[in-house]
There are 2 protein chains.
Amino acid sequence: MSEFSNIDIKSLTIDGLQSLCDSLREKIRSTVIQTGGHLSSNLGIIELTVALHRVFDFPYDKLIFDVGHQCYAHKLLSGRDGAFDTLRQRGGISGFPKREESEYDCYNTGHAGTSVSAALGFAKARDIRGENFNVIAIIGDGSFNNGLVYEAFNSLRPLNTNILVILNDNGMSISPTVGSMHEYLEQLSRDDEHRAKVEKHSNIFERFGFSYDGVFDGNDLICMIDKLTEIKKKLQTQSVILHVLTKKGKGYSFCEENPQQTHGISGEGNSVIASYSEVFGRTLCSVAEKNKSIVAVTAAMTPSLGLSDFFSKYPERSIDVGICEEHATILCAALAAQGLKPYYAVYSTFLQRSFDEIIIDICSQNLPVTLCIDRAGISGEDGETHQGVFDLSFLNMIPNLTIAVPKDVNELEAMVRASSTFNAPLAIRYPKDCKIIFKNDGEFKFGEWEYLKRSDGNVAVLACGERAIGLAMAVGKELTAYGIDITVVNARFVKPLDEKLLNGLNAHMVITVEDNQLIGGFGSLISQFYSDNTAVLVKSFAYADSFIPHGKAEALMEELGVNKKNIVDYILKNADR
Amino acid sequence: MSEFSNIDIKSLTIDGLQSLCDSLREKIRSTVIQTGGHLSSNLGIIELTVALHRVFDFPYDKLIFDVGHQCYAHKLLSGRDGAFDTLRQRGGISGFPKREESEYDCYNTGHAGTSVSAALGFAKARDIRGENFNVIAIIGDGSFNNGLVYEAFNSLRPLNTNILVILNDNGMSISPTVGSMHEYLEQLSRDDEHRAKVEKHSNIFERFGFSYDGVFDGNDLICMIDKLTEIKKKLQTQSVILHVLTKKGKGYSFCEENPQQTHGISGEGNSVIASYSEVFGRTLCSVAEKNKSIVAVTAAMTPSLGLSDFFSKYPERSIDVGICEEHATILCAALAAQGLKPYYAVYSTFLQRSFDEIIIDICSQNLPVTLCIDRAGISGEDGETHQGVFDLSFLNMIPNLTIAVPKDVNELEAMVRASSTFNAPLAIRYPKDCKIIFKNDGEFKFGEWEYLKRSDGNVAVLACGERAIGLAMAVGKELTAYGIDITVVNARFVKPLDEKLLNGLNAHMVITVEDNQLIGGFGSLISQFYSDNTAVLVKSFAYADSFIPHGKAEALMEELGVNKKNIVDYILKNADR
């Protein structure tokens, strides 16, 4: 089983190392096709990873991957090859670095731009404790756009410590990299004449206290080993940036030619009816035809958000700022302040970066920005750092914000259409895949909930979002066998609550179901609504207070207790109270 | 009354403009001494503001102040001189730009680094709508360290629009500015020989697509008018950075010599017993003497956080990263991952910037970082953008985090001492001033609440933090006149709840009181705790779902309904239910 970790990488010949690269490449390709995961980025970084393991001494030396999705070869070389087939599966190894998985992973990552700050923290701790290991951050050119990198660079001199930053430049994040820093990197990477011209001026990185070394071919194993060996000595006295070019998807022509499509791939298929992202993008395109105020803003993931067509059709009203979630949020607030109608599309987990700007820039100014929150709820195989289970909680507390949760793609379409004339901050949150289409109870109206099942009994289930409503409907069906007829409500606006409906509800037991953390979520609003009404018992089904690991969304919900059996059992046990 | 706004600034002679500057300076000085507010920064920017109003046409042109605390002269010149005596008073004018106050304030600010992003948004909206105004951001060198500025600069070229950024360089944020960018600005500002050396290399700002113009004396009115007139023409075809040096506190020797102490000053005195910041700093100093793992981290406000002595005594374990709250948070996580015990001290409102990093870097890795959250609860006169009323809500939802709220400075000291051996993420939140010292009920224990008043009756008030507990005790006292004896509990750990105490509580009515938003706060945890227990009525007193304007903390609490009368009335009315 231990195909790779029994290898003594320090004693292999160059030929042996080359063939190790080939084996790693094949292992990663064949596994990821089965399990799903990040493919092209991992194929591009194999030689560099092998060279790092050859030259440095892990886990004594510390290696921090920015974002962390490109750590597969590192995992295979650090004792996890036997378990590699379990990649991203519940109970198996994670697709990201995990301290709890191996001492070779010294720092967990998942969101962009954190690696240089973290490397500085490790290096500073080393200095304070009088230790002597090397600290290395590997960061892509996409992450390089994030403000965190600048903050870290800017504090290198005051911190007075030494680290190695490897800039793994492949010209891509999920979308092609944008911005002046990217152009600058390109200039450095161009032919000698251009480079000489740029080099004549002092290098930006040197201004921050780094010794700059580049540009080299990161897929050239021998070159990488030589450079790293040389730099390892330098690190005793200074910080270094090593700028390398790698080929995303290296070694497989389909991946090399389609790096965007093969950045992350899904494993085996499932019963998906439609993509929320696609419906969102298509609807926004349609609405924007008449409404010329609509602007779409993204942070480096336009295609995954369903906005490729919008960007093609309305380039003058399309803005991709790169991986700069905070900047994107403020830009939207200012566009709205000047009379436009911006839509900021973003994954739930990355919206966490914009928390302060949603409060201050959008909501305290009550500006009509629409947050289109994709991959909300359990997002699955990427694990702890990518679950979208906090958004209802962190948005609920923000004044002036309306929060909408469509029950299916049809309702998303209705919401996006209605949003175009909504003149205040709005958040719409939805998962990736639509697997159920529900019937509508009459016309969709902004701010109003919907009865999906009405009964005269005293049990009501209030649910928001497809997965929760799917559960609620299944619970309703199951309970009829016990002679219990419940009411099911589509609470499609989490904030403000539909108080008219709530006040008209005759239930003595109100059950809430949601695809979000328990604390601060939809259920907590309902608990507070009824808190001084002792005639109503409220029980919330949501995720208990812990981080949710990688696995399949439905299986995780089941495991976390947000499942049909638990809700049915609770109602049966307590219906007579 | 309208001493300034009736002036036709376009037709004044230079002498007239100079004497206008003198009058503005005197008006600001004499007012701020009465009202409290930001003094030295506003004195430094008067000539620049007058020159801007002379050359540009506000409100047609758009002026955005970074952070916004330096907008006083602008307010005096835009119709608000008559109301200037009400600065920072409830119902009076705000100390920060406010759209709702004047059309001359086009964008509200409060937190650092947002102005360039906002300016780009306004400029892009202008281009999309085919308008033609100018957009100007004024930003200090302190804010310039924030990653947001880099994100905005990096997207200038892709956005393909024109703005003016005025870099108001006075070498200070609240603390002296740190970092390589600051050193670079200093090089540009030094004598001609140095400058020529730097200029030979291409200017960093030009790399991002700006035309760089500097360095000029920002307190030289004629020079500023000339430069701005020249730049106004340039703005038709390109973006410009104007780099000016200003003297913080300009015109008053005490302010010039003490820019740090006069950055923000308080108005008239009040009944403060002790400063939480000072007690925190003193205690950390004391604990760090034996515990060599303790490191203190700040983001540009060391003295206001009570850490000046710590930084003097333990320079090798003190880190000020500049206004980089995200970077500071990750740095702490990495220091902790490598075995140190970091304390990140920060104002509650600015901790919002670190939300994602608290989740991912600190808590998902379960690292022993202590967040020392100052100015928590209503912070008062700075208004909407500075209230610390969200922290309990946004921290409650994060797994693995313990949240402590001391009832007074003595309990803060006990908590800081106890924290030094606490091996998990911890947040301690406290306001600026301590005005009450409470009696202790026995020894302080980590995780345990405390009875401050015990009764056999069925009403219990659970409160956290000095202001809330002060109210709860006053309510208890008042109710004895009605023959009602209540229990009062110091809920000094908001998370996890002291379930042992809760389960032993015989109350049928549980009242919660806190200095935080209602949604997601302490009360919401208690509501959820009792949500399916119909024997217990829960009523929470906290701030309703809206932004809290500027004013005095106690008066605002009264006005927002978190007051003795409301709580007493509620208990009297409902005690028999």
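Please read all numbers here as calculations on a predicted model, not as lab measurements.

Enquirer: Would you mind showing me how to read the pairing of strand β12 (residues 370-374) of chain A here?
Expert: If a strand is regular, its side chains alternate between the two faces of the sheet. All names here are of chain A. Most of β12 is tucked away: five of the five residues are buried. Burial along β12 is two-sided: the face carrying Thr370, Cys372 and Asp374 and the face carrying Leu371 and Ile373 are both buried. Of the strand pairs in this sheet, β12 and strand β14 (residues 426-429) are connected by four bridges, and their pairing is parallel. The residue of β14 that forms the bridge with cysteine 372 is isoleucine 428.

Enquirer: What's the story with the interface of chain A and chain B in this structure? I'm lost.
Expert: Often, the extent of an interface is quoted as the loss of accessible area upon association of its parts. If you look at the interface, chain A gives 107 residues, while chain B gives 106 residues. Between chain A and chain B, the buried area comes to about 9,200 Å², and carbon and sulfur atoms account for 60% of it. The tally of links from chain A across to chain B stands at eight salt bridges. The salt bridge partner of aspartate 356 of chain B is arginine 353 of chain A, with a shortest N-O separation of 3.0 Å.

Enquirer: Can you help me understand the packing of helix α1 (residues 14-35) of chain B against helix α3 (residues 46-55) of chain B in this one?
Expert: When two helices pack together, their arrangement is given by the angle between the helix axes and by the axis-to-axis distance. Residues and elements named next belong to chain B. Between α1 and α3, the least distance of the axes is 10 Å, while the angle of their chain directions is 130°. The orientation of α1 with respect to α3, classified from their angle, is oblique. The chirality of how α1 crosses α3 is right-handed. Contacts from Leu17, Leu20, Cys21, Leu24, Arg25 and Ile28 in α1 reach Ile46, Glu47, Val50 and Arg54 in α3. For the contact of α1 with α3, the class distribution of residues is seven nonpolar, no polar and three charged.

Enquirer: Can you walk me through the relation of the copies chain A and chain B in this structure?
Expert: A rotation about some axis, followed by a shift along it, carries one copy of the chain onto the other. You can overlay chain A on chain B at an RMSD of 0.0 Å; the transform is a turn of 180° with a shift of 0.0 Å along its axis. Both copies are brought into coincidence by an operation consistent with a two-fold rotation axis. In terms of C-alpha distance to the rotation axis, chain A has glycine 147 of chain A as its closest residue, with the C-alpha 1.8 Å off the axis. Residue by residue, 99% of the interface of chain A is reproduced at the interface of chain B, so both copies engage with the same surface.

Enquirer: Quick question: what am I supposed to make of the side chain of aspartate 81 of chain B here?
Expert: All names here are of chain B. With respect to the helices and strands, the residue aspartate 81 is situated in the loop between α4 (72-76) and α5 (115-129). Buried and unpaired, aspartate 81 has no salt bridge, with lysine 27 as the nearest side chain of opposite charge at 7.4 Å. Here the side chain of aspartate 81 touches glutamate 3 through a polar contact of 2.8 Å, landing on its backbone nitrogen.

Enquirer: Whenever I open this one, the pairing of strand β18 (residues 487-490) of chain B confuses me. Can you help?
Expert: All names here are of chain B. Of the two faces of β18, the one carrying Thr487 and Val489 and the one carrying Val488 and Asn490 are both buried. Taken together, the three bridges between strand β16 (residues 450-453) and β18 define a ladder with antiparallel strand orientation. Residue lysine 453 lies in a different strand from β18, and its bridge partner there is valine 488. Handedness of the crossover joining strand β17 (residues 459-463) and β18 through helix α20 (residues 466-480): right-handed.

Enquirer: Just checking my understanding: could you explain the pattern of salt bridges for this structure?
Expert: Taken as a whole, this structure holds 71 salt bridges over all chains when the rule is applied. Of the charged contacts in the structure, one is a salt bridge between lysine 27 of chain B and aspartate 85 of chain B, with a shortest N-O distance of 3.6 Å. With lysine 27 of chain B in helix α1 and aspartate 85 of chain B in the loop between α4 and α5, this residue pair connects regions lying 58 residues apart in the sequence. Residue classification places lysine 27 of chain B among the buried residues on the basis of a relative accessible area of 16%. Taking the shortest distance from any N to any O, the salt bridge between lysine 552 of chain B and glutamate 381 of chain B comes out at 2.9 Å. Residue lysine 552 of chain B is found in the loop between β21 (537-543) and α23 (553-559), and its partner glutamate 381 of chain B is found in the loop between β12 (370-374) and α18 (391-396); the two are separated by 171 residues along the sequence. Relative accessible area serves as the criterion here: at 44%, lysine 552 of chain B is assigned to the partly exposed category. Three or more residues joined by partner-sharing salt bridges are found here, namely Lys75, Arg80, Glu101 and Asp105 of chain A.

Enquirer: What should I look at first to understand the sheet that holds strand β21 (residues 537-543) of chain A in this one?
Expert: Whenever strands of a sheet pair, they do so through backbone hydrogen bonds, lying parallel or antiparallel. Residues and elements named next belong to chain A. The sheet built from five strands is open, its strands ordered β16-β18-β17-β20-β21 with mixed pairing. Each edge of the sheet is formed by a strand with only one pairing partner; in this case those strands are β16 (450-453) and β21. Averaged over all pairs of adjacent strands, the angle between strand axes in this sheet comes to 25°, irrespective of strand direction. Seen against the sheet, helix α24 (residues 564-574) touches β17 (459-463), β20 (509-517) and β21 and runs at an angle of roughly 160° to β20.

Enquirer: Sorry, what's going on with α3 of chain B here?
Expert: For an α-helix, 3.6 residues make a turn, and residues three or four places apart therefore share a direction. Counted residue by residue, α3 of chain B has nine buried out of 10 residues, so it is predominantly covered. Buried within α3 of chain B are the following residues: Ile46, Glu47, Leu48, Thr49, Val50, Ala51, Leu52, His53 and Val55 of chain B.

Enquirer: For this particular structure, what's the right way to read the packing of aromatic side chains?
Expert: Both the distance between ring centres and the angle between the ring planes are used here to describe each pair of aromatic rings. Using the criterion set out here, one finds 52 aromatic pairs over all chains in the structure. Relative to tyrosine 430 of chain B, the ring of tyrosine 276 of chain B lies with its centre 5.9 Å away and its plane at 15°, an arrangement referred to as stacked. Within this pair, whereas tyrosine 276 of chain B is found in helix α13 (residues 276-290), its partner tyrosine 430 of chain B is found in the loop between β14 (426-429) and β15 (433-434), the two being separated by 154 residues in sequence. You can call tyrosine 276 of chain B buried: its relative accessible area is 0%. Centroid distance phenylalanine 355 of chain B to phenylalanine 394 of chain B: 5.8 Å. Interplanar angle 90°. Geometry classified as edge-to-face. Residue phenylalanine 355 of chain B is located in helix α17 (residues 355-363), and its partner phenylalanine 394 of chain B is located in helix α18; the two are separated by 39 residues in the primary sequence. Assessed through its relative accessible area of 0%, phenylalanine 394 of chain B is described here as buried. It is lysine 539 of chain A that lies over the ring of phenylalanine 541 of chain A; its NZ or CZ is 5.8 Å from the centre. Looking at arginine 454 of chain B, its charged tip hangs above the ring of tyrosine 451 of chain B, at a distance of 3.8 Å from the centre.

Enquirer: Looking at this structure, I do not really get unusual backbone geometry. What am I missing?
Expert: Negative phi is the rule for most residues except glycine; trans is the rule for most peptide bonds. Following phenylalanine 58 of chain B, the chain continues into proline 59 of chain B via a peptide bond in cis, with omega recorded as 5°. Along the chain, the position of proline 59 of chain B falls in the loop between α3 and β2 (62-65). Looking along the chain, the bond that leaves lysine 495 of chain B and enters proline 496 of chain B is cis, with omega of -5°. Summarising the element assignment, proline 496 of chain B is placed in the loop between β19 (493-495) and α21 (499-504). With a phi close to 65°, valine 67 of chain A is a non-glycine residue in the positive phi region. Even without glycine at this site, asparagine 160 of chain A takes up a positive phi of about 55°.

Enquirer: Explanation requested: the side chain of serine 524 of chain A in the structure shown.
Expert: When you line up the elements, serine 524 of chain A lands in helix α22 (residues 522-529). Classification of serine 524 of chain A by relative accessible area gives buried; the value is 0%. With near-sequence residues (within four places) excluded, serine 524 of chain A lies in contact with Leu518 of chain A together with Gln528 of chain B.

Here is what the cut-offs are and how they apply
- Residues numbered from 1 in each chain as written.
- Chains lettered and ligands numbered in written order.
- Predicted model: local features only at pLDDT ≥ 70, side-chain atom pairs only at ≥ 80, totals over all residues.
- Heavy atoms only, no water.
- Buried < 20%, exposed > 50% of the residue type's maximum accessible area, 1.4 Å probe, protein only.
- Helix = DSSP H or I, 4+ residues; strand = E, 2+ residues; numbered from the N terminus.
- Pairing = 2+ DSSP bridges.
- Contact = heavy atoms within 4.5 Å.
- Buried area = accessible area lost by both parts, 1.4 Å probe.
- Salt bridge = Lys/Arg side-chain N within 4 Å of Asp/Glu carboxyl O.
- Axes fitted to C-alpha atoms, helices over the stretch in contact; angles between N-to-C directions.
- Parallel < 35°, antiparallel > 145°, perpendicular 65-115°, else oblique.
- Left-handed = near helix turned anticlockwise from the far one by under 90°.
- Nonpolar A, V, L, I, M, F, W, Y, C, P; charged D, E, K, R; others polar.
- Least-squares fit on C-alpha atoms with pLDDT ≥ 70 in both.
- Lys, Arg positive; Asp, Glu negative; His and termini not counted.
- Polar contact = N/O pair within 3.5 Å; in protein donor to acceptor, adjacent residues only side chain to side chain.
- Right-handed = clockwise from strand over helix to strand, strands pointing away.
- Phe/Tyr/Trp six-rings, centres within 6.5 Å; stacked < 30°, edge-to-face > 60°.
- Lys NZ or Arg CZ within 6 Å of the ring centre and 35° of its normal.

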